[in-house]
Amino acid sequence: MRSFKIVFYKSESGELVKMKEFFREVDGLQELIADPPDEFFEMLGSFFPVHGWAEMDRERSTVFVVFAPRESDLDEIDNDEFKDWLNSVSPGDIKDFL
C-alpha cells in the first residue's frame, strides 16, 4: 500500500486557495482514480474540477485537484469523466488556469 496526499484547491477571483488536504492509502494511482475519495464528490455541489495532476517519487505521492465555482448551466461531471480527466492531465497544463 502507498499513502497518497490529496490536495484540493479552489479558484477564487483568479487566485488558488487551498481547501482540503487529506491522505488515502491505495496500491497505486490507478486504484485512486478508479475509486475517487468521497470528498471529491462533496465538492461537486458548489465547484467543478478544472485541472488535476499527480506528483510521485519514491517517498512522496501527492494528487492535486483544482476546482472552480460551478455555474448554474454546467452539466454534472460524472465519475467516468473524472477518471478520464485525472488520468490524462499533466502539471504543465496548470499554466492555463493561473
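Look above for the structure.
Residues numbered from 1 in each chain as written. Predicted model: local features only at pLDDT ≥ 70, side-chain atom pairs only at ≥ 80, totals over all residues. Heavy atoms only, no water.

J.: When you look at the pattern of salt bridges in this model, what are you seeing that I'm missing?
T.: Pairs can form between side chains of opposite charge whenever their charged atoms are close. By the definition in use, this model includes 3 salt bridges. Put simply, Glu 21 and Lys 18 hold a salt bridge, and the shortest N to O gap is 2.4 Å. The exposure class of Glu 21 is partly exposed, given its relative accessible area of 39%. Classification of Lys 18 as partly exposed rests on a relative accessible area of 46%. (Salt bridge = Lys/Arg side-chain N within 4 Å of Asp/Glu carboxyl O. Buried < 20%, exposed > 50% of the residue type's maximum accessible area, 1.4 Å probe, protein only.)

J.: Help me understand the nonpolar core, please; the structure alone is not making it clear to me.
T.: The nonpolar side chains of soluble globular proteins are, as a tendency, buried together. Counting 13 residues, the largest nonpolar core has Ile 6, Phe 8, Leu 32, Val 63 and Phe 67 as the members making the most contacts within it. For this core, the secondary structure elements donating two or more residues are strand E1 (2-12), strand E2 (15-26), helix H2 (38-43) and strand E4 (61-69). Beyond its immediate chain neighbours, meaning those up to four positions away, Phe 8 contacts Val 17, Lys 18, Met 19, Lys 20, Phe 22, Glu 39, Phe 40, Met 43, Val 65 and Phe 67. Ranked by size, the runner-up nonpolar core spans 7 residues in total, among them Val 7, Val 50, Trp 53 and Val 66. (Core = buried A, V, L, I, M, F, W, Y, C linked by side-chain atoms within 4.5 Å. Helix = DSSP H or I, 4+ residues; strand = E, 2+ residues; numbered from the N terminus. Contact = heavy atoms within 4.5 Å.)

J.: Just to check I follow, could you spell out the sheet that holds E4 for this structure?
T.: Spatially, the 4 strands line up as an open sheet ordered E2-E1-E4-E3, and their pairing is mixed. The sheet terminates laterally at E2 and strand E3 (47-56), the two strands that pair on one side only. Across the sheet, the mean angle from the axis of one strand to that of its neighbour is 20°, orientation sign disregarded. Here 6 bridges tie E1 to E4, and the two strands are oriented parallel to one another. Bridge assignment links Ile 6 to a residue of E4, and that residue is Val 63. (Pairing = 2+ DSSP bridges. Axes fitted to C-alpha atoms, helices over the stretch in contact; angles between N-to-C directions.)

J.: Before we go on, may I ask you to explain the packing of aromatic side chains in this structure?
T.: What describes a pair of aromatic rings is the distance from one ring centre to the other and the angle between the planes of the rings. All chains considered together, the criterion is met by 6 aromatic pairs. Between the aromatic rings of Phe 8 and Phe 67, the centroid separation amounts to 5.0 Å while the plane-to-plane angle is 70°, which identifies the pairing as edge-to-face. Separated by 59 residues along the polypeptide, Phe 8 in strand E1 and Phe 67 in strand E4 bring together distant segments of the chain. This pair shows no difference in class: Phe 8 is buried, exactly as Phe 67 is. Aromatic side chains Tyr 9 and Phe 64 sit 6.4 Å apart centroid to centroid with 25° between the ring planes, which places their arrangement in the stacked category. Note that Tyr 9 is positioned in strand E1 and Phe 64 in strand E4, a separation of 55 residues in sequence. The exposure class of Phe 64 is buried, given its relative accessible area of 14%. Of the aromatic side chains, those joined through ring pairs into one cluster are Phe 8, Phe 22, Phe 40, Phe 41 and Phe 67. (Phe/Tyr/Trp six-rings, centres within 6.5 Å; stacked < 30°, edge-to-face > 60°.)

J.: How should the environment of Glu 12 be read in this particular structure?
T.: Relative to the elements of secondary structure, Glu 12 occurs in strand E1. With 57 residues separating them in the primary sequence, Glu 12 and Pro 69 have C-alpha atoms 7.9 Å apart.

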